[in-house]
Every structure is written in C-alpha cells, then in structure tokens.
Amino acid sequence: RELWLSQRDEFPRARKGTERKPPRLERTKGSEILFGIGPCSLALGQARRDLFRLFLKQSSSRRPVMGEFVLRAAARGVPVLHVPRRELDELCRGQVHQGVCLEAAPLRFKSLEDAETPGVGGEASGDRQVIWLVLEQIQDPMNLGALLRSAYFLGVDRVVTSHRNSCPLTPTVSKASAGVMEVFDVYSTDDLQSFLKAKTAEGWEVVGTVSKPEDVEDVPVISCLEFRWDKPLIVVIGSEGEGLSLETQLLCHRMLAIPPGRALHPGIDSLNVSVATGILLHFICSQKRRHGD
C-alpha cells in the first residue's frame, strides 16, 4: 500500500474524477483580456497598450499563425503561456477566442483636444473632403465595434463619441471591430453639443441621420441618395433605441434617411444602427474618393 501511495502520482489516469483542477490564472491588476486572432495580433504589433502575457491554446503550436504570435510576443518581450482550451474559455468568459488571448492594459478614448490640434484630420490644411463620424450614446459593444470597422474601411478620418451613456473601448468592441480598435484612434467629448457648435462655426457641415423622416421637425430631411457635400463634414449617429437627441438634431444642417426598397410592415421599419451607418458612409465616402481622383 505504501508503495502504491508513493507512486500513484505517476498514474494520472488511475485518479480520473479526483484529479485536482489547475489553479486559476491570476490577472495583473487593472488588466483586461483581449481575445481573437485579429485583435491580439494587431495589439501585439502596435505600441498603444502595455502587454503582460500571451495565452495560446495547447496543441495548436503547429499552426503557422500561432508561430507568428510567439515571434511577435518575443519581439515585444511578452511571456507566452500554452494553456488548455478551458483556461482560455475562462479568461474571456466564453467568448470566441480562436485559441488566443492577450492580457493587456485597457485602451482609452483619446482626448478631443488632440483631434483639434492644427494639421490633425486634414481640416487645417483646407481639405474640403474631410469626414468625421460622431456617435451619440452608442451603448452596445457589438454595434460600436461594427461602426469602427465600417468607418475605418470606408475612409472616415476621425471617430468621436459622446462620453455620457456610451460604451467604453472593451475587448468585445475590439473583437467586433476585427481589431480596428487597436489601430484606429477613437476620441471622446463630454459636451457633444458644444463640439458641434464649434465645428459649425469653423465652416463644417453637420448632418444627422433618421430612420423615420416624419419624426423630424425644423431640420430638412433628404434621401442619402441625393446628398452631396463640398465642405468638411460631420455625420452624427444616434443611439440604438432613441436615435439622435432633440438637442443634437437641432444642431444639424440636414438629416439623411435611407429609402427602403419595399413597403415595410409596422415594427420592421428600421435598420440596425451599424448596418445603416455602413450604408450611409458608403454613399458619402464614395463621393470623397471620386473627388480625390
């Protein structure tokens, strides 16, 4: 019996069901867990975050992409840990991690004063084809991530969010943006109305968006198909449920609507905010590209 007791640790299968779970991975204070190949790869390639540890799924080291992660981590001096899948699941709370998690410092919004620095964003150089996207109280991280992805892809110069009642730059936002959040600056303002008034005084045009034109008063509403612009432009997108606040609507020079392709049933008369924004930005930014040719 004593011999068996001394040797039982060498036979883990004989203790199936009583095997102790490995200790939970302790997080660095104040850190967060990025997950997914895109966000983790881009975060490793940038110098925007402090990085603490890279977690890769065990038995995935033969995949070329995992070898690239190891090399990138080594270049940044980031320790690499190979852990079971269940540990990755716990780290990112069951999100789709694709075998990769990265412990890092949070990414914050940039100060709007930085965006106002002369020469930043193109407006100070007289560029009439500058476009900024302004987000008022976007709360869903999946929508925010999708909005950032579309804005980056279609050529928006800056994204500004309202600080109040808006989603922070979380790992879920980074994943939903396919990692765009790791390379594209996002700004924030505490006073959206004052910001819009200031840009109007500088000669910018401010346009809002609306799903139901009949709900808008005192501001002209046109189809996005008819919209043309020839000065620096701000496109303001409202929250998922309420749209733009009345205060913000009244600061817009025009409101844009997407015409539906059929008669709509009541209750199915609007688009998801990120989808609608992608459609609007396509029409607006395609003009920017043509004018730049």
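Scoring rules and cut-offs
- Residues numbered from 1 in each chain as written.
- Predicted model: local features only at pLDDT ≥ 70, side-chain atom pairs only at ≥ 80, totals over all residues.
- Heavy atoms only, no water.
- Buried < 20%, exposed > 50% of the residue type's maximum accessible area, 1.4 Å probe, protein only.
- Helix = DSSP H or I, 4+ residues; strand = E, 2+ residues; numbered from the N terminus.
- Arc of directions from axis to C-beta.
- Pairing = 2+ DSSP bridges.
- Contact = heavy atoms within 4.5 Å.
- Axes fitted to C-alpha atoms, helices over the stretch in contact; angles between N-to-C directions.
- Phe/Tyr/Trp six-rings, centres within 6.5 Å; stacked < 30°, edge-to-face > 60°.
- Parallel < 35°, antiparallel > 145°, perpendicular 65-115°, else oblique.
- Left-handed = near helix turned anticlockwise from the far one by under 90°.
- pLDDT = per-residue confidence, 0-100.
- Salt bridge = Lys/Arg side-chain N within 4 Å of Asp/Glu carboxyl O.
- Polar contact = N/O pair within 3.5 Å; in protein donor to acceptor, adjacent residues only side chain to side chain.

Take helix α8 (residues 192-201) next. All buried positions along α8 are accounted for by Leu192, Phe195, Leu196 and Lys199. For α8, the arc enclosing every buried residue in end-on projection is 95 degrees, short of the 170-degree limit, so these residues lie on one face. Across α8 from its buried face, at more than 90 degrees, point the exposed residues Lys197 and Ala201. Where α8 ends, the next residue or the one after it, Gly203, has phi of about 100 degrees, a positive value.

A separate point is the pairing of strand β9 (residues 205-209). β9 sits mainly inside the fold: five of its five residues count as buried. Bridge analysis of β9 against strand β11 (residues 233-237) gives three bridges, and the strand direction is parallel. Residue pairing in the sheet places Val206 in a bridge with Ile234 of β11. Examined bridge by bridge, β9 and strand β12 (residues 254-257) share three bridges and lie parallel to one another. Directly across from Thr209, in β12, lies its bridge partner Leu256.

Read from one edge of the open sheet, eight strands run β5-β8-β7-β6-β11-β9-β12-β10, paired in parallel fashion. Only two strands of the sheet have a single neighbouring strand rather than two, namely β5 (110-111) and β10 (221-223). Note that strand β6 (residues 131-135) and β11 share five bridges and pair parallel. The residue bridging Leu135 from the neighbouring strand is Ile237, located in β11. Here helix α6 (residues 141-154) sits on the sheet in contact with β6, β7 (158-162) and β8 (186-189), set at roughly 175 degrees to β6.

A complete count under the given rule lists three aromatic pairs for this structure. When the centroid spacing of 5.5 Å and the interplanar angle of 65 degrees are considered together, the rings of Tyr152 and Phe184 count as edge-to-face. Within this pair, whereas Tyr152 is found in helix α6, its partner Phe184 is found in the loop between α7 (171-176) and β8, the two being separated by 32 residues in sequence. Judged by relative accessible area, Tyr152 falls into the partly exposed class, the value being 45%.

Moving on: the packing of helix α2 (residues 37-45) against helix α3 (residues 64-76). The contact between α2 and α3 brings their axes to 9 Å, and the two run at 30 degrees. On the basis of their axis angle, the class for α2 and α3 is roughly parallel. The handedness of the crossing between α2 and α3 comes out as left-handed. Listed contacts from α3 to Ile37, Cys40, Ser41, Leu42, Ala43, Leu44 and Gly45 of α2 are Val65, Phe69, Arg72, Ala73 and Arg76.

So, on to the confidence of the model for the protein. In this model, the protein carries an average pLDDT of 85, and 84% of its residues clear a pLDDT of 70 or more. Ignoring residues within four places in sequence, the model shows residues 1-23, a span with pLDDT below 50, making five contacts including any to other chains. Note that pLDDT drops below 50 for residues 118-125; the model gives that stretch 16 contacts with residues more than four away or on any other chain.

Along α2, the residues that are buried comprise Pro39, Cys40, Ser41, Ala43 and Leu44. The inward-facing, buried residues of α2 contact β1 (32-35), β2 (51-57), α3, β4 (100-104) and α7.

Our focus in this paragraph is the pattern of salt bridges. Per the stated rule, a full pass over the model turns up seven salt bridges. Its salt-bridge partner being Glu182, residue Arg49 comes within 2.9 Å of it at the nearest N-O pair. Linking Arg49 in the loop between α2 and β2 with Glu182 in the loop between α7 and β8, this pair joins segments that are 133 residues apart in sequence. Its relative accessible area of 1% is what places Glu182 among the buried residues. When salt bridges with common partners are traced through the structure, they connect Glu32, Arg49 and Glu182 into a single cluster.

The next point concerns the side chain of Ser31. Summarising the element assignment, Ser31 is placed in the loop between α1 (2-7) and β1. For Ser31, a relative accessible area of 9% puts it in the buried group. In terms of polar contacts, Ser31 uses its side chain to reach the backbone carbonyl oxygen of Thr28, at 2.7 Å. Aside from chain neighbours lying at most four places away, what touches Ser31 is Phe52, Glu103 and Ala104.

Even without being glycine, Ala178 reaches a positive phi, approximately 60 degrees. Even without being a glycine, Asp218 presents a positive backbone phi close to 70 degrees. Note that Asp218 resides in the loop between β9 and β10. Judged by relative accessible area, which is 73%, Asp218 ranks as exposed.

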